[in-house]
Amino acid sequence: MPISAEAVRDLQENDLLVLHTLERLMKRYQWVPLEVLARATGKGEKEVSYRLTRLLRFGMAKYEKVPYDGYSLVFTGFDALALHALSGKGTVNALGPFIGEGKESIVYEGLGLGRLVLKFHRIGQRSFQSARVKRGYMPEEGHVPWLFASAFSAEREFLALTKLHPRVSVPVPIERNRHVVVMSLIPGEILSRCTPGDPGAMLDAILLQVREAYRLGVVHADLSEFNVMIDGDRCFLIDWPQWMEVSHQNAGEILERDLRVILLYFARKFGIEYPLSRALSEVTG
Ligand SMILES: Nc1ncnc2c1ncn2[C@@H]1O[C@H](COP(=O)(O)OP(=O)(O)OP(=O)(O)O)[C@@H](O)[C@H]1O
Ligand SMILES: [Mg+2]
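Residues numbered from 1 in each chain as written. Chains lettered and ligands numbered in written order. Predicted model: local features only at pLDDT ≥ 70, side-chain atom pairs only at ≥ 80, totals over all residues.

(A) Focus on the overall build of the protein chain. What the protein chain contains, in helices and strands, is 10 helices and 12 strands. Dimensions of the protein chain, computed from the C-alpha atoms along their principal axes, are close to 70 × 40 × 30 Å. When the 285 residues of the protein chain are sorted by exposure, 39% land in the buried category. The long-range fraction of contacts in the protein chain, counting pairs at least 24 apart against all pairs at least 6 apart in sequence, stands at 59%. (Helix = DSSP H or I, 4+ residues; strand = E, 2+ residues; numbered from the N terminus. Buried ≥ 20, exposed ≤ 12 C-beta atoms within 10 Å, placed from the backbone. Contact = placed C-beta atoms within 7 Å.)

What follows is the structure, encoded as structure tokens:
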């Protein structure tokens, strides 16, 4: 379901109270019974029931009869809580157009002090297991692993951006709330969709950024032509949730894979032959 800023704006105080309480109780319940919500919010069952009807209509919660009557939070509700918090702090004033959807995220433009990007991490039930394998560690707290895994993924990405900015050319990290990373909007295009004026110089520029990240102790671990953005002769490395510490036992192997992917792209698309051993010593030397 697309994220609706209108629905978030329409939320009333008691809607938010029920939504926040539902989020909190998801640690203990797979499905939160109405009476538990009523007790936790201090509102009567009638009022809570009315609020839940609205949340169901907005697609922010789910009702299930089996195994027992109860309510649970869904991604749209989690999105709403994050957006509400970010707008309350003044970080985000408006949600802009949809930019793209990846395997594990939905990206929107937004407006704050400047043009922003809001990346909503979405580690769903399906991608949870693969994310776990790919990233080595994923929390599995409570009954809703997707909720914690998505927030964890956003936290990882935000941490990488904070470590790297401004030494490495990455989006400026602005804020993180729950599973949402707010960062600056990078102008330009994804490398796979454009042709740099001087491909050889662009490859050098990318390797230089990989080297700077390496010096700060970070290996991207998902580097490809889809995670590099180009603006004129500048490049930016994006999409960092799976990054790895240089000290990690697999870091050498992963760095090699990152470089192989980029070199292969430049070889196939622009006929540039750049030996892997040379790229490796450029980055680590
Ligand atoms: N800071 C940014 N500025 C401009 N566009 C961005 C920015 N971050 C992401 N995008 C756009 O959103 C798209 C998806 O973002 P990103 O690569 O970070 O996640 P993803 O592709 O969902 O992750 P995955 O690789 O797991 O599928 C990018 O291809 C790019 O077009
Ligand atoms: Mg990507």
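And the narrative resumes.
(B) Spotlight on the nonpolar core. By size, the foremost hydrophobic cluster in this structure holds 81 residues, and its most contacted members are Leu 22, Ala 80, Leu 118, Val 180, Val 182, Ile 206 and Met 229. Looking at this core, the element that brings in the most residues is helix H7 (residues 145–164), giving 10 residues. Leaving out residues up to four positions away in the same chain, Leu 118 has contacts with Val 92, Tyr 108, Gly 110, Val 180 and Val 182. (Core = buried A, V, L, I, M, F, W, Y, C linked by C-beta atoms within 7 Å.)

(C) Representation of the packing of helix H2 (residues 13–25) against helix H4 (residues 45–57). In the contact formed by H2 and H4, the axes pass within 9 Å of each other and the chain directions differ by 85°. Compared by their axis directions, H2 and H4 come out roughly perpendicular. Contact residues: Asn 14, Asp 15, Val 18 and Leu 19 in H2; Glu 47, Val 48, Arg 51, Leu 52, Arg 54 and Leu 55 in H4. A per-class count over the contact of H2 with H4 returns five nonpolar, one polar and four charged. (Axes fitted to C-alpha atoms, helices over the stretch in contact; angles between N-to-C directions. Parallel < 35°, antiparallel > 145°, perpendicular 65-115°, else oblique. Nonpolar A, V, L, I, M, F, W, Y, C, P; charged D, E, K, R; others polar.)

(D) Structural context of the site of ligand 1. Around ligand 1, a shell composed of 17 residues is seen, among which Gly 102, Ser 105, Pro 171, Ile 186 and Asp 239 lie nearest. When residues of the shell around ligand 1 are traced back to their parent elements, those giving at least two are strand E3 (94–101), strand E4 (105–111) and strand E5 (115–121). Of the residues belonging to the shell around ligand 1, the class tally is nine nonpolar, four polar and four charged. When residues of the shell around ligand 1 are sorted by domain, at least three fall in each of domain 2 (94–184) and domain 3 (189–284). (Near = placed C-beta within 6 Å. Domains from an automatic or database assignment.)

(E) A look at the sheet that holds E5. One open sheet accounts for five strands, arranged E3-E4-E5-E7-E6; its pairing is antiparallel. Each edge of the open sheet is held by one strand with a lone partner, namely E3 and strand E6 (173–177). Averaged over all neighbouring strand pairs, the angle between strand axes comes to 25°, with direction disregarded. Summarising the sheet, E3 and E4 pair through five bridges and their orientation is antiparallel. Paired with Glu 101 across the two strands is Ile 106, which belongs to E4. Against the sheet, helix H5 (residues 75–88) engages E3, E5, E6 and strand E7 (180–184), with an angle of about 130° to E6. (Pairing = 2+ DSSP bridges.)

(F) Quick peek at H5. Between its first and last C-alpha, H5 extends 20 Å over 14 residues, near the 20 Å set by a 1.5 Å rise per residue. Within H5, 10 of the 14 residues are buried, leaving the element largely enclosed by the surrounding structure. Considered for burial, the residues of H5 that qualify are Phe 75, Thr 76, Gly 77, Phe 78, Asp 79, Ala 80, Leu 81, Ala 82, Leu 83 and Leu 86. Following H5 by one or two positions, Gly 90 adopts a phi angle in the positive range, close to 85°. (Expected span 1.5 Å × (residues − 1).)

(G) Region of interest: the domain arrangement of the protein chain. For the protein chain, the domain assignment lists domain 1 (5–76), domain 2 (94–184) and domain 3 (189–284). Between the C-alpha centres of domain 1 and domain 3 there is a distance of 45 Å.

(H) Representation of the sheet that holds strand E8 (residues 189–190). Spatially, the three strands line up as an open sheet ordered E8-E10-E11, and their pairing is antiparallel. Here the strands that pair on one side only, and so sit at the sheet edges, are E8 and strand E11 (234–237). In the packing of helix H8 (residues 199–215) onto the sheet, the strands contacted are strand E10 (228–231) and E11, and the crossing angle to E11 comes to about 40°.

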